[in-house]
Amino acid sequence: MERWIRVLLLTVAVATLSGCATVSNWFHHRREAREERAQAREDAKRSDQSPDDDSAPPRVVDPAVERRKITVPRIRSSNIEIGLDYGALSIEDFGTNPVYGITAAYHVTEDFFFQGEWGRSKAGRTSFETLGGNIQLLTPAERHFTYYDLSLGYNFLPGEAFLGRGVALSSAFYILGGIGSTDFAGDKKFTVNFGAGYRVLPSDWLAVHITVQDRVFQSDLLGTTKLTNNIEMRIGSTVFF
Amino acid sequence: MRGFPAAVLVLLALCLTPAVGSAREHLQVFVTQPYLELHTGAGRGYPVFNVVPRDESVEVLFRRTDWFKVRTRRGVEGWAAQRDMLKTVLADGSAFTFDLGDRSGFTSHRFELGMFAGEWGNATYISTYGSYSFNSQLAVEVQLGQFLGKFTNGNTVDIGLTHVLMPEWRLSPFFTIGTGIVHLEPKATLVQPSDRTQETAYVGGGLRFYLTRRFFLRAEFRSHYIFTNLNQNQRADEWKGGFAFFF
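Bear in mind the structure is a predicted one, so any value in this text is a computation, not a measurement. By convention here, each chain's residues receive numbers from 1 onward along its written sequence. Chains carry letters from A onward and ligands carry numbers from 1 onward, assigned in written order. Selection of residues for local features in this predicted model requires a pLDDT of at least 70, selection of side-chain atom pairs for listing and counting requires 80 or more, and totals for whole chains, interfaces and linings are taken over all residues.

J.: What should I look at first to understand the overall build of chain B in this one?
T.: When helices and strands are tallied, chain B shows 3 helices and 15 strands. With C-beta atoms placed from the backbone, a residue counts as buried when 20 or more other C-beta atoms lie within 10 Å of its own, as exposed when 12 or fewer do, and as partly exposed for counts between those limits. Burial statistics for chain B: of 247 residues in total, 33% are counted as buried. Residue pairs qualify as contacts under a 7 Å threshold applied to their C-beta atoms, which are placed from the backbone. Residue pairs at least 24 apart in sequence account for 47% of intrachain contacts in chain B once pairs closer than 6 positions are excluded. Strands here are runs of E lasting at least two residues and helices are runs of H or I lasting at least four, both read from the DSSP assignment and numbered beginning at the N terminus.

This is the structure:
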């Protein structure tokens, strides 16, 4: 029953919204229609007069040349950057471990870009576990550290990197900051991230990044609630589309 | 981990696509100013290394943000700024026009992407959205979100329609209505309740404020009705704010 009510409500909403969207054009439309009518009347008057009008000069050249239609090639936009990365993540209290991930970015202006990241690592043992012998704080499944985040990046210090005498690659530093979530130790935590990176472009469509980021979230895993800093350094390669 | 090698292969395959696409026909524009400056990179900080004199033509290869990669008749490739390209003309003498990404773009555009932070039923909420506009007022919108609470975590997927009341205003109000699903993962230490997925419907409204270039701020409230098997449906309020951009 509820589904029906919802379908009905949505249908009404769709009809109303698109209806409203045209409201602003109604008056405009009426004015256009008036203008069209006036134009038609004028044309009719003119066509009535023309057969009697001998004063009009005869046409010397009949413009029979058809206007060439030029199709303008579309300009491709290349603002999207997608790539993979690999590095090391220091999980607070759980040691440093390899991390791999996927990055996608959209360059909105030459200065700002919007970036989404996903990454995964596996936590090691805490010193408490190492010293305590057989104590296991987390199950193997709970040791997976998976994060995603949405960040805003700002490019600064644009420059060029020189390889020998003949090759110059454009490069830039950038800072990043954003929010996301971390799935670790059987719980998901709201995570704030900030960091900086260096990007160098070997060609127009390829980029190599080195990024250092800190992922901060609140954890009560070891008895007390505290903010944990999880510093990550990774190197990656992205392709522009 | 199994998907990782596949992802690498897909990426390698995608790497090859730009090379294939380079055989296409490019737009030719003519310089009308005394000269057109070419930079080494797509940004105002990159140095000028070449100039194209008046009446000479350049081929426009592609565009990245507000910069155009162009090739001169001598085969030199460089980046020209959007404001300089506005002063070039096409072969028939007409002005070279393109989407500028300014205030008029805020009024009417095709796509939007954005991110938010806020609250969903008293839990911290993070979300991202994308929208496609049919006209300057009506758009269809998809939003993915995750809320992280003390007792419950969850994910949301919403699809709906957004109607902007005054798209030409810098601060413009909008209304939204739609449906979605919510996946709830209750946290419990004594009993282990099962995760559940429920359908929702929402109605809401908010404000959009044009910031600069392609960016705008967006603040929004949504009231969600969660359809449960119980006698009474549940309600959850969503408050959020964030930024978005159009293209």
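J.: Which parts of the structure should I look at to understand the nonpolar core?
T.: Nonpolar side chains in soluble globular proteins tend to be buried together. Nonpolar core, as used here: buried Ala, Val, Leu, Ile, Met, Phe, Trp, Tyr and Cys residues forming one set through C-beta atoms within 7 Å. Grouped together as the largest cluster of nonpolar side chains are 15 residues, with contacts concentrated most on L36, L38, V58, F68, V70, W79 and A80 of chain B. Breaking this core down by element, the ones donating at least two residues are β1 (27-31), β2 (35-39), β4 (57-64), β5 (67-72) and β6 (77-81) of chain B. Ranked by the residues each element gives to this core, the list is headed by β5 of chain B, at 3 residues. Residues contacting L38 of chain B, with those up to four places away along its chain left out, are V48, F49, N50, V51, V52, V70, V76, G78, W79 and A80 of chain B. In terms of nonpolar packing, the next biggest core, distinct from the first, is built from 11 residues, V108 of chain A together with F106, F216 and A244 of chain B among them.

J.: Please clarify how the interface of chain A and chain B should be interpreted in this entry.
T.: Think of interface size as the accessible area that goes away when the parts come together; that is how it is often given. Contacts between the two partners involve 41 residues from chain A and, on the opposite side, 50 residues from chain B. The set of elements that each furnish at least two residues to the side of chain A that touches chain B consists of α1 (2-21), β1 (76-77), β3 (95-107), β5 (144-163), β6 (167-184) and β7 (187-203) of chain A. For the side of chain A that touches chain B, the leading source of residues is α1 of chain A, giving 9 residues. Considered class by class, the residues forming the side of chain A that touches chain B number 23 nonpolar, 10 polar and 8 charged. Pairing of β1 of chain A with β4 of chain B involves 2 bridges; the strand directions are parallel. Throughout this entry, Asp, Glu, Lys and Arg are counted as charged residues, while Ala, Val, Leu, Ile, Met, Phe, Trp, Tyr, Cys and Pro are counted as nonpolar. The remaining residues, Gly among them, count as polar. At least two DSSP bridges between two strands are needed for those strands to be called paired.

J.: Would you mind showing me how to read the sheet that holds strand β9 (residues 226-240) of chain A here?
T.: Whether parallel or antiparallel, the strands of a sheet pair through hydrogen bonds between backbone atoms. The antiparallel closed barrel is built from 8 strands, whose spatial order is β2-β3-β4-β5-β6-β7-β8-β9 (chain A). Taken over all neighbouring pairs, the strand axes of this sheet differ in orientation by 25° on average, direction set aside. Only the contacting stretch of a helix is used when fitting its axis, a line to C-alpha atoms as for every element, and angles between N-to-C directions run 0 to 180 degrees.

J.: Just to check I follow, could you spell out the domain arrangement of chain B for this structure?
T.: Segment limits for the domains were obtained from an automatic or database-derived domain assignment. Looking at chain B, the domain boundaries give domain 1 (21-98) and domain 2 (105-246). Placing a centre on the C-alpha atoms of domain 1 of chain B and another on those of domain 2 of chain B gives a separation of 41 Å.

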